[in-house]
Amino acid sequence: MLNGKTIFSKYLKRFVIAAITIYLAFRLRQTLQLLLTSLFLAGAISPIIEKITSVRINVHNWRIGLNRVWAVVLLYLVLVIVVVLAITPAPQIILELGQFFIKLPNLLEQIQLPKGGLLNLSQEQLNRILQTQPLIDQAQNFGKEIVSQTFGFTLQIFNAIGVGILSLLITAYMVINSSSLMRRCLSPFSKRVRHEIEFLIPPITRCLGAYVVGRIGTSTLLGFCTYLTLSLFGIPYSGALGLLVAISNLVPYIGGLVALIAIFIAAWGVEFNKGAIALFICFSLQQIEAFILQPWLVAPYLNLDPFELLLSIIVGAELFGIVGAIIAPPIAGTSRILFNHFASPITTDSEE
């Protein structure tokens, strides 16, 4: 009977602790979200900080390098420059993007096939496809909403910057004091659990870092190069299309195709040779990003084959929409690392 009471008391304590934890997580969900975001960023930039601090320069037989504090400061200075350059034209680009969607029906009417059609597709059939009214209405409504809320979007951007600065400060603290924080957080656990976590942290941080730098960084670069290309050839809405490419490219497979269709629609009204060359260059830039930069920067660390990557995007989009499709790959990659580790018969002790 005493044993039964002991077991009941044990599970009752666990239930109470779990209930209190869930309640606090719900009440402090914004703070928890901020901490989780900072933890994600800390894991993402840790490999970059490690590489910066590992660089040493020989000066008069002295090996000089940056410590973690100055490495974070240097990385944040670069980030501030990038953010300022990106935010300054943001209101105008957002307005331009809204105008592109509003004028989409007029742009679609400009698309004319050669006489006799193309690929067994007549002009009438093309018009029926392009003038699908529900899609056109949704695009126009989306564009009107963007135009009418440009000021609101700008305020949201600055609000996001404020939250981002706070998150970056917390991230900097986590990265600079990672060793002491790790010891304090792992102190309640057994030696074996601490060893398991310490073994898993490097591949997880490499996965997160590769995705943030490789995916978001290359998408930003791709959007900027697309903007330069379209501006050079006189394609209208070049800024909006560059932004659309940068955002849509975060969704693998589908995003690039959507962006190319938008570029094709905008370029049709320009001189044929200019439009065709601009479209070809944009397509080539996407292929370079997808087949050269991504395999080099992301694929070795994401630990997902093409089917798993596509499945994670579908599941993420189904659960959380566009945001889910963007954050699903690093979550799936981290889950794959954990699964491979704990499912493997080889333990960390044998690795030693």
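Up top is the structure these notes are about.
I will try to describe carefully the structure that is included in this document.

Each value, and the rule that gives it
- Residues numbered from 1 in each chain as written.
- Predicted model: local features only at pLDDT ≥ 70, side-chain atom pairs only at ≥ 80, totals over all residues.
- Heavy atoms only, no water.
- Disulfide = S-S within 2.5 Å.
- Helix = DSSP H or I, 4+ residues; strand = E, 2+ residues; numbered from the N terminus.
- Contact = heavy atoms within 4.5 Å.
- Phe/Tyr/Trp six-rings, centres within 6.5 Å; stacked < 30°, edge-to-face > 60°.
- Buried < 20%, exposed > 50% of the residue type's maximum accessible area, 1.4 Å probe, protein only.
- Core = buried A, V, L, I, M, F, W, Y, C linked by side-chain atoms within 4.5 Å.
- Salt bridge = Lys/Arg side-chain N within 4 Å of Asp/Glu carboxyl O.
- Patch = residues over 30% accessible without salt bridge, like charges linked within 9 Å, V, L, I, M, F, W, Y side chains within 5 Å.
- Areas by Shrake-Rupley, 256 points an atom, 1.4 Å probe, with all protein chains shown as cover.

### Digging into the state of the cysteines
No. 1: The final tally for this structure, using the stated rule, is 0 disulfides.
No. 2: In this model cysteine 225 remains outside any disulfide bridge; the closest cysteine sulfur is found in cysteine 282, 9.8 Å from its own.

### Concerning the environment of isoleucine 52
No. 1: Residue position: isoleucine 52 is located in helix 2 (residues 29-54).
No. 2: For the pair isoleucine 52 and arginine 68, spaced 16 residues apart in the sequence, the C-alpha separation amounts to 8.4 Å.
No. 3: Residues in contact with isoleucine 52, not counting those within four places in the same chain, are Leu66 and Ala71.

### Considerations on the packing of aromatic side chains
No. 1: Inspection of the entire model under this criterion finds 3 aromatic pairs.
No. 2: Summarising the aromatic geometry, the rings of phenylalanine 100 and tyrosine 237 are spaced 5.5 Å apart at their centres and angled 70° between planes, so their arrangement reads as edge-to-face. You can see phenylalanine 100 sitting in helix 4 (residues 90-102) and its partner tyrosine 237 sitting in the loop between helix 10 (191-232) and helix 11 (238-248), a full 137 residues away along the chain.
No. 3: Given the relative accessible area of 2%, phenylalanine 100 is considered buried.
No. 4: Between phenylalanine 224 and tyrosine 227, the ring centres sit 6.4 Å apart and the planes meet at 40°, which makes this aromatic pair tilted. Residue phenylalanine 224 and its partner tyrosine 227 are both found in helix 10; the two are separated by 3 residues, about one turn of the helix.
No. 5: Since its relative accessible area comes to 47%, phenylalanine 224 is described here as partly exposed.
No. 6: Accessibility expressed as a relative area gives 34% for tyrosine 227, which makes it partly exposed.

### Observations regarding the nonpolar core
No. 1: Of all hydrophobic cores here, the largest spans 25 residues; its most connected members are Phe100, Leu230, Ile235, Tyr237, Leu241 and Ile263.
No. 2: Looking at this core, the elements that each hand over two or more residues are helix 4, helix 5 (104-109), helix 10, helix 11, helix 12 (254-267) and helix 13 (272-297).
No. 3: Counting residues per element, this core draws most heavily on helix 12, which supplies 7 residues.
No. 4: Not counting the four nearest positions on each side in its chain, isoleucine 263 is found in contact with Thr226, Leu230, Leu241, Val245, Leu279 and Cys282.
No. 5: Grouped together as the second largest cluster of nonpolar side chains are 16 residues, Ile204, Tyr211, Ile313 and Ile326 included.

### A closer look at the pattern of salt bridges
No. 1: Summed over all chains, the structure comprises 2 salt bridges.
No. 2: Across the salt bridge formed by glutamate 50 and arginine 68, the nearest N and O atoms sit 2.7 Å from each other. Of this pair, glutamate 50 sits in helix 2 while arginine 68 sits in helix 3 (residues 68-87), and the two are 18 residues apart along the sequence.
No. 3: Residue glutamate 50 is classed as partly exposed on the basis of its relative accessible area, which comes to 42%.
No. 4: As a salt-bridge pair, arginine 336 and glutamate 308 come within 2.4 Å of each other at their nearest N and O atoms.
No. 5: With a relative accessible area of 26%, arginine 336 lands in the partly exposed category.
No. 6: Given a relative accessible area of 24%, glutamate 308 falls into the partly exposed group.

### Comments concerning helix 11
In an α-helix, one turn spans 3.6 residues; hence positions three or four apart end up facing the same way.
No. 1: Of all 11 residues making up helix 11, 9 are buried, and the element is well covered by its neighbours.
No. 2: What helix 11 keeps buried is the set Ser238, Gly239, Ala240, Leu241, Gly242, Leu244, Val245, Ala246 and Ser248.

### Comments concerning a nonpolar patch on the surface
No. 1: Judged by side-chain polarity, Phe8, Leu12, Phe15, Val16, Ile20, Tyr23, Leu24 and Leu28 come together as a nonpolar surface patch covering roughly 830 Å² of accessible area.
No. 2: Tracing the sequence through the fold places phenylalanine 8 in helix 1 (residues 2-27).
No. 3: Judged by its relative accessible area of 57%, phenylalanine 8 falls in the exposed class.

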